[in-house]
Structure formats: structure tokens, C-alpha cells
Amino acid sequence: MIFDPLRSLRPDDIAARLIKNDIAAICAHTNLDRASGGVNDCLAKAVGLENIFPVHEDSSGILRQGELSAP
């Protein structure tokens, strides 16, 4: 949720809401997330995507893109 240093924090920001409610959030990625046939490919298939491929512009290869057979 925080990929860059926070310069300010507004009450409606997700980070502020977590802090206010004493909630810790850890969002870890593993090599299995980006692996071909891994977690993200399985999730993409589960939501109905076809022709799935990794998006490399994010430099990690974790993102997946695909097509839906219907809107």
C-alpha cells in the first residue's frame, strides 16, 4: 500500500485508517506470484481472463493482463 515515502497523510487515506484502527498490513510478494503458472496466473484465470500475459512495464512482472470473453 505504501510504495513511496509518505509526504502527508489524510484521514481518508488507507494508511491513516489502518493506523487509526491499530491494524498492521503486510503485503508480501513471492517468486510464485510472478512465476508462469503461479498465483497471479491462477487468480487471473479464476476471474475469467483469457490470453493472460505478464505486464513487464512495472519492472517486477507481477502484474497480469488478459481478455474477458464478455463485458
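Look above for the structure.
Per chain, residues are indexed from 1 in the order of the written sequence. Reporting in this predicted model follows two pLDDT cut-offs: at least 70 for local features of residues, and 80 or more for side-chain atom pairs to be given and counted; totals over whole chains, interfaces and linings ignore these cut-offs and use all residues. Excluded from the side-chain calculation are hydrogens and water; included are all heavy atoms of the structure.

Engineer: Sorry if this is basic, but what is going on with unusual backbone geometry here?
Structural biologist: Comment: phi is negative for the bulk of residues other than glycine, and the bulk of peptide bonds are trans. We note that Asp-22 has phi near 50°; this positive angle belongs to a residue other than glycine. By definition, any uninterrupted DSSP run of H or I lasting at least four residues is a helix, any uninterrupted run of E lasting at least two residues is a strand, and each is numbered from the N terminus. Here Asp-22 lies in the loop between helix H1 (14–20) and helix H2 (31–34). One non-glycine residue, Asn-51, lies in positive phi territory at about 50°. Among the residues examined, Asn-51 registers a relative accessible area of 52% and is labelled exposed. Classification of residues uses two cut-offs on accessible area relative to the type maximum, computed with a 1.4 Å probe and protein chains only: under 20% is buried, over 50% is exposed, and between them is partly exposed.

Engineer: Teacher, can you tell me more about a nonpolar patch on the surface here?
Structural biologist: On the surface, a cluster of nonpolar side chains totalling about 290 Å² of accessible area is made up of Leu-6, Leu-9 and Ile-19. Within the secondary structure, Leu-9 is located in the segment before H1. Given the relative accessible area of 43%, Leu-9 is considered partly exposed. Every patch collects residues that have over 30% relative accessible area and no salt bridge, joining them within 9 Å if they carry like charges and within 5 Å if they are nonpolar side chains (Val, Leu, Ile, Met, Phe, Trp, Tyr). Calculation of accessible area relied on Shrake-Rupley with a 1.4 Å probe; when residues are assessed, cover is drawn exclusively from the protein chains displayed. Any Lys or Arg side-chain nitrogen found within 4 Å of a carboxyl oxygen on Asp or Glu counts as a salt bridge.

Engineer: Explain the pattern of salt bridges here, please?
Structural biologist: Between side chains of opposite charge, a pair can form when the charged atoms approach closely. Evaluation of the coordinates by the stated rule reveals 3 salt bridges. Arg-10 is paired through a salt bridge with Asp-12; the nearest N and O atoms lie 3.3 Å apart. Here Asp-13 and Arg-10 are joined by a salt bridge, their closest N and O atoms 3.3 Å apart. What you see here is one network of salt bridges that share partners, running through Arg-10, Asp-12 and Asp-13.

Engineer: Sorry, what's going on with the side chain of Asp-33 here?
Structural biologist: Within the secondary structure layout, Asp-33 lies in helix H2. His is not counted here, nor are the chain ends, while Lys and Arg score as positive and Asp and Glu score as negative. Arg-64 is the oppositely charged side chain nearest to the buried, salt-bridge-free Asp-33, at an N-O distance of 8.6 Å. Any two residues whose heavy atoms approach within 4.5 Å at even a single point are treated as in contact. Excluding residues that lie within four positions of it along the chain, Asp-33 makes contacts with Ala-28, Val-39, Asn-40 and Arg-64.

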